[in-house]
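Overview (structure and organization)
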Amino acid sequence: MELKVLRKNILGHKTECLIIGRFEGRTENPALKEVDAALGGAIKCAIQAGDFKGKLNQTALFYNSGQLSTERVLIIGLGSRREFCLERLREVSGKAVAEMKKIGARVISTTLPQTVEGMIDDVDIAQAIAEGCFLGAYSFDEHKTEKKDIPKEIKTLNMVLPLRYKGIKKIEEGARRGEIISQNVLFARRLVSSPGNVATPSFMAEQAIYMEKEADIKATVIEKEEMGKLGMGAMLAVAQGSSQSPKFIIMEYKGGKAENKPYVIIGKAVTFDSGGISLKPSPEMDEMKMDMSGGAAALGTVRAAAMLKLPLNLVALVPATENLPGGRAYKPGDILKSMSGKTIEILNTDAEGRLIMADALTYAERYKPKAVIDIATLTGACIVALGSNASALLGNNESLKKELLRAGDETGERVWELPLWDSYKKQIKSDIADMKNIGGKGAGTITAAAFLDQFAGKYHWAHIDIAGTAWEKEGRPYIPKGATGVGVRLFIKFLENSLRV
């Protein structure tokens, strides 16, 4: 989808659909009045009849009778003006684009920047609209062969501003930023949506190498033999049951001064998780292709940071493997030696994500990082605790957690803090090794983080569990069913905020 920012006379602007917003209980929008007059008062009639109230995401479609250059007009409800925010702007933008896809429109134009002018900073307005539109238009159709089953793609999105509008540079900047960030959320979504026979560890490594060619990023892939030399016993154990060779992917972006310590993002990438010997139930096991969502988010974040040319240093570590019950698979009762030298008793082979993350957390020490954030679809307990509305947040540094909470509120990718008290850490103590890989009944998300904490003691660290937010089952205004790409927007906002400190 091509994004354009234009100054145009709204009545003479040629497009397949003009999108106009209206707040609940208000009719003061000049663009709405102007278009309604050209439609002979059709919009006003719909409002007076009670068919359109302006409630959040409510829509009404009108067809041109000859007085406008547009073919259609879509009115979308913005809800209460008092409660309006950037997240609602993303929602209505995503909803509008989804409605346009249903009718097969190829060129659409939104007037939302002028509708909410002055309420929020112009850069943020344009960025939110771009994000909502690009993310709302997404669908994963790569494996469909029947054209009738593939919705028509929107080719052009215009942000239309009045001829008098003076702040077009800020709108252009925000639109560009929103497009770049969205491209990388969609990059992550496509990786997560791809089936396990496509998105293998090798495939993810290939994506990283390709990214090196298109952006100012250095890609390194550590192979199985070198992992053995490094002592990554936990990572290698998880990979034993698969014929696919594991890959430890490293992406380095150096946009800051050489002496500046980097942020490190670690993303779990189990490209298919059967549970191993501790086999998962068969219903919905197909969704376990999304167990590499953390790795996809890490790759997408580095790519977005490089494309935005953020003046900081950033490293992504992505341990990628399958977890299958092959003849050589690791077993309950095994004891593993991690890269840190600490030993782990295996009680459940479906608690594999924390094992590969443990070696990645140890590897992160060599960067002497400013902070380390790991992101993983780690525990089903997280879904029980928080559902799909928020990711769990735990860590060892209050300032780091506070900034992630702030970034979550600003992007709509909300996180919620859970405690990491010493009493929880007792649950992972083993009688025959340094620790065990599950903590028994109760507090599963917390005890998983307590396990990771054993490998993150040499730097500021935060853990984000996205088990409930990585995959959308119902569909929301700018998050269709399936992979969400969660983490990319959260991390970019966190990194940008860190530059303002």
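Source: prediction; values computed, not measured.

Cut-offs and rules
Residues numbered from 1 in each chain as written. Predicted model: local features only at pLDDT ≥ 70, side-chain atom pairs only at ≥ 80, totals over all residues. Heavy atoms only, no water. Pairing = 2+ DSSP bridges. Helix = DSSP H or I, 4+ residues; strand = E, 2+ residues; numbered from the N terminus. Patch = residues over 30% accessible without salt bridge, like charges linked within 9 Å, V, L, I, M, F, W, Y side chains within 5 Å. Areas by Shrake-Rupley, 256 points an atom, 1.4 Å probe, with all protein chains shown as cover. Salt bridge = Lys/Arg side-chain N within 4 Å of Asp/Glu carboxyl O. Axes fitted to C-alpha atoms, helices over the stretch in contact; angles between N-to-C directions. Parallel < 35°, antiparallel > 145°, perpendicular 65-115°, else oblique. Left-handed = near helix turned anticlockwise from the far one by under 90°. Contact = heavy atoms within 4.5 Å. Nonpolar A, V, L, I, M, F, W, Y, C, P; charged D, E, K, R; others polar. Buried < 20%, exposed > 50% of the residue type's maximum accessible area, 1.4 Å probe, protein only.

With that out of the way, let us pick up the sheet that holds strand β12 (residues 335-337). What the three strands build is an open sheet, ordered β12-β13-β17; its pairing is mixed. Of all the strands in the sheet, the pair left with one neighbour each is β12 and β17 (435-436). Here β12 runs beside strand β13 (residues 343-345); their pairing, made up of three bridges, is antiparallel. Across the sheet, the residue bridging to I335 is E345, located in β13.

Together, L61, Y63 and I103 give the surface a local cluster of nonpolar side chains, amounting to about 270 Å² of exposed area. Its place among the elements puts Y63 in strand β3 (residues 59-63).

Positive phi is not limited to glycine here, since N57 has a value of about 75°. Among the structural elements, N57 can be located in the loop between α2 (42-48) and β3. The backbone of K309 sits at a positive phi, close to 55°, despite the residue not being glycine.

This brings us to the packing of helix α13 (residues 398-411) against helix α16 (residues 488-498). Across the interface, α13 lies against α16 with an axial gap of 8 Å and an inter-helix angle of 120°. Viewed along their axes, α13 and α16 adopt a mutual orientation that is oblique. For the pair α13 and α16, the sense of crossing is right-handed. Between α13, through L400, E403, L404, R406, A407, G408, E410 and T411, and α16, the contact on the second element is made entirely by R489, L490, F491, K493, F494 and N497. Partitioned by chemical class, the residues of the contact of α13 with α16 number six nonpolar, three polar and five charged.

Right, let's talk about the environment of T271 for a bit. Looking at the element boundaries, T271 is found in strand β10 (residues 269-273). Each C-alpha atom of the pair T271 and G457 lies 28 Å from the other, and the pair is 186 residues apart in sequence. If near-sequence neighbours (up to four positions away) are discounted, T271 is found in contact with G196, A199, T200, P201, M204, M288, K289, M292, T321 and E322.

Bringing the pairing of strand β6 (residues 156-161) into the picture now. By the criterion of burial, β6 is predominantly enclosed, with six of the six residues buried. Side-chain alternation along β6 places T156, N158 and V160 on one buried face and L157, M159 and L161 on a second face that is also buried. Here strand β1 (residues 2-7) pairs with β6 via six bridges, running parallel. Its bridge partner lying in β6, E2 is registered against T156. Relative to β6, strand β5 (residues 107-110) is paired through four bridges, and the arrangement is parallel. When the bridges of β6 are listed, V107 appears paired with T156.

Our next topic: the sheet that holds β6. Taken together, the six strands give an open sheet; going across it, the order is β1-β6-β5-β2-β4-β3, and neighbouring strands pair in mixed fashion. Each edge of the open sheet carries a strand with a single partner, namely β1 and β3. When the angles between neighbouring strand axes are averaged without regard to direction, this sheet yields 25°. With five bridges connecting them, strand β2 (residues 17-22) and strand β4 (residues 72-77) associate as parallel partners. Looking at the pairing, I19 lines up with L74 of β4. Across the face of the sheet, helix α1 (residues 30-38) comes into contact with β2 and β4 while running at roughly 130° to β2. Each of β1, β5 and β6 is contacted by helix α5 (residues 122-136), which is oriented at about 155° to β6, the strand it contacts most.

What follows is about the environment of V372. As for its placement among the helices and strands, V372 is situated in strand β14 (residues 371-376). Taking the C-alpha atoms as reference points, V372 and A360, separated by twelve residues in sequence, lie 11 Å from one another. Excluding anything up to four places from it in sequence, V372 contacts V264, I266, L361, A364, L400, Y459, H460, W461 and A462.

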